Amino acid sequence: MLTTGPDDPNPDELRPHRRRSHDRSGQGEGRPGPLSALGPALALAVAWAVLATVAWLVLVAATRPATPMTWTTTALAAAAIAAAWLVGIRAAVLLVAATRRSHPSVGMRARRPRPELDDLVVALLCTTADDFRADAVERSMRQTHPRTRTVVLDDSRGAETRAAVDAFAAGTAAAGSAAGAVQVVRRADRTGFKAGNINNYLRHHAQGVDAVVIIDADQEIGPDFVRTALRHLHASPEVAVVQGAIRSRRGETQFVRDFRGMFDAHLRAISAGRAWFGIAAFDGRGALLDVGAVRAAGGFPEVVTEDAALTLQLARRGRTVRYVPDLVSVEDAPTDYTAFTTQFGKFTEGAMQLLGRDRGLLLDTRLRPARRLDVFLNLASPLVGSVMMVALFGFALAAAAERMPGVPVALGASLGILGSVPLLPEAIRSSRHSGPVTACLFLLRGGLLYASVAIVTLRAVLRVGLGVRARFVVTPKANDRTGLGTAVRRRRPELAAATASILAAVLLTGTVAPAGVFCVVAATAVGYTLIGGRPARS
């Protein structure tokens, strides 16, 4: 079934659905009090000031600056180091929280049969933009919940992809599939990114639909996903989203084999840690959402990071996300380094866009203090990384020009330890299965991987900071094998930054030492681009 136009009598608003929405508009999840507005912001400012003072004292004791320039660069470096410490401490706290208790399927109530839920209509929404995977959709649509319908929200531009979507839909209709025919929904424009695509469906085509499941084009869910998620959705009136765990397929490239476990372990730890604090978040896919709650919140915010924005919108109305770790969906990991950097750059631009949009986030009393701090530090992490890189380069230049020592080993080690927190779950697993040497090698590879995106992050921060519109770029799905020439061309920004830093270092200090970080970033980026898409070793 192909749908291309609106069939809603009033398409300009997302009207509340006939089912209950338990909206608590204006109450939110925060608790009123004299410090409810200033508390998180004040705590964050005090913590940053204390840490910055510590870092500054250590730097001054080690380098003993003697000129206004070195005093200034020392202060800026200390401020940047303190901000990086805060980001790392947040990651460490979530990691510890994730280990404090197991996260079962939130009680036996969600496991008991609920016959009345069989009457609810659930739409399985597959969002695609020139990356359609018929096999994944076909497996996902075999749901045991009797009133599940499958909808492909096709934003594809390519005629070949659109034809493949239409052929798949026609094939399911002709075959009389037990899962029902597939509905294809297209729109006249592609405004609002992925969120706009979903909103178009909710406005024009979702009559009678009680809940939706969001899956990406390469993602698939098991046959009991909808039935189980509905039980969790109705276990508490505050629950608006049931977020499952997201796992990566094994993949065929060396990049996937090397880092698939790291991506999964980090997401699992962050999700479990947030759930322990009661601030679970919607991850943008692999989740079931109450249509009434989404409509009452005004629909999906049409920004690049629509998942984080929707989580905040729901929380402001007193609605929560329930994380269910044994409700699993499977998707492709980034197939190579190009796909990884594309994904990372999109997150960075989206984070900067959302920070600019929600400038009063830390003061929003409708949100729990823990959520405000978590979201703010998460969104600010790319900005912190970019600022720290620039600040430390300036400090290195000033120190080399004055013949002073560089960053003390203790400070460098602290940054390295906190920066490696996202790698620790997979490193621990690797140590248990393959020994400490393998774990140490993984930490080195993973650390270099995250360090190598410094220029990608800096470009994205500057782009949005200068007023350029954030972009929603679909992560490349095809395996990309490149030669040395292609790898060099694709990593021109990193190579240009390394070249510029070398010239600046030589002209200002007479040595290339301050440019070392940029050179490592460029070499690592070229190396991962060159080898990341190669077939995995058997």
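Since the structure is predicted, the reported quantities are computational estimates derived from the model, not experimental observations.

Asks: Any details on the environment of Arg-250? Residues and values, ideally.
Replies: Here Arg-250 lies in the loop between strand S7 (239-248) and helix H7 (254-276). If near-sequence neighbours (up to four positions away) are discounted, Arg-250 is found in contact with Val-256, Arg-257 and Arg-260.

Asks: Mind laying out the packing of aromatic side chains, listing which residues take part and the relevant values?
Replies: Going through the model one piece at a time under the given rule, you end up with 15 aromatic pairs. Ring geometry for Trp-276 versus Phe-277: centroids 5.1 Å apart, planes at 90°, classification edge-to-face. Phe-277 gets classed as partly exposed once you look at its relative accessible area, which sits at 28%.

Asks: Summarise the pairing of strand S5 (residues 211-216); cite the residues concerned and give the values.
Replies: Counting buried positions along S5 yields five of six residues, so the element is predominantly enclosed. Pairing of strand S2 (residues 122-128) with S5, which is carried by six bridges, proceeds in the parallel orientation. The partner of Thr-127 across the bridge, within S5, is Asp-216. The pairing of S5 with strand S8 (residues 287-290) spans four bridges and is antiparallel. Opposite Val-213, over in S8, you have Leu-288 as the bridge partner.

Asks: I'd like a rundown of unusual backbone geometry, residues and numbers included.
Replies: Excluding glycine, residues mostly carry a negative phi; peptide bonds, for their part, are mostly trans. In this model, Arg-64 sits at a positive phi of 50°, which is unusual for a non-glycine residue. Along the polypeptide, Arg-64 turns up in the loop between helix H1 (39-63) and helix H2 (68-98). Judged by relative accessible area, which is 63%, Arg-64 ranks as exposed. Phi is positive for Arg-403, which is not a glycine, with a value near 60°. Along the chain, the position of Arg-403 falls in the loop between helix H11 (369-401) and helix H12 (409-419).

Asks: So what about the pattern of salt bridges? Which residues, and what values?
Replies: Pairs can form between side chains of opposite charge whenever their charged atoms are close. What the rule picks out here adds up to 24 salt bridges. Two residues, Asp-166 and Arg-186, come together in a salt bridge whose shortest N-O distance is 2.9 Å. One end of the pair, Asp-166, is in helix H4 (residues 159-175); the other, Arg-186, is in the loop between strand S4 (182-185) and helix H5 (193-204), and 20 residues separate them in sequence. Classification of Arg-186 as buried rests on a relative accessible area of 7%. Arg-249 is the partner of Asp-332 in a salt bridge, and the nearest nitrogen-oxygen pair spans 2.7 Å. A residue pair is termed long-range when its members are at least 10 positions apart, and Asp-332 in the loop between strand S9 (320-331) and helix H10 (337-357) and Arg-249 in the loop between S7 and H7 qualify at 83 residues. Judged by its relative accessible area of 22%, Asp-332 is partly exposed.

What counts, and at which threshold
Residues numbered from 1 in each chain as written. Predicted model: local features only at pLDDT ≥ 70, side-chain atom pairs only at ≥ 80, totals over all residues. Heavy atoms only, no water. Helix = DSSP H or I, 4+ residues; strand = E, 2+ residues; numbered from the N terminus. Contact = heavy atoms within 4.5 Å. Phe/Tyr/Trp six-rings, centres within 6.5 Å; stacked < 30°, edge-to-face > 60°. Buried < 20%, exposed > 50% of the residue type's maximum accessible area, 1.4 Å probe, protein only. Pairing = 2+ DSSP bridges. Salt bridge = Lys/Arg side-chain N within 4 Å of Asp/Glu carboxyl O.

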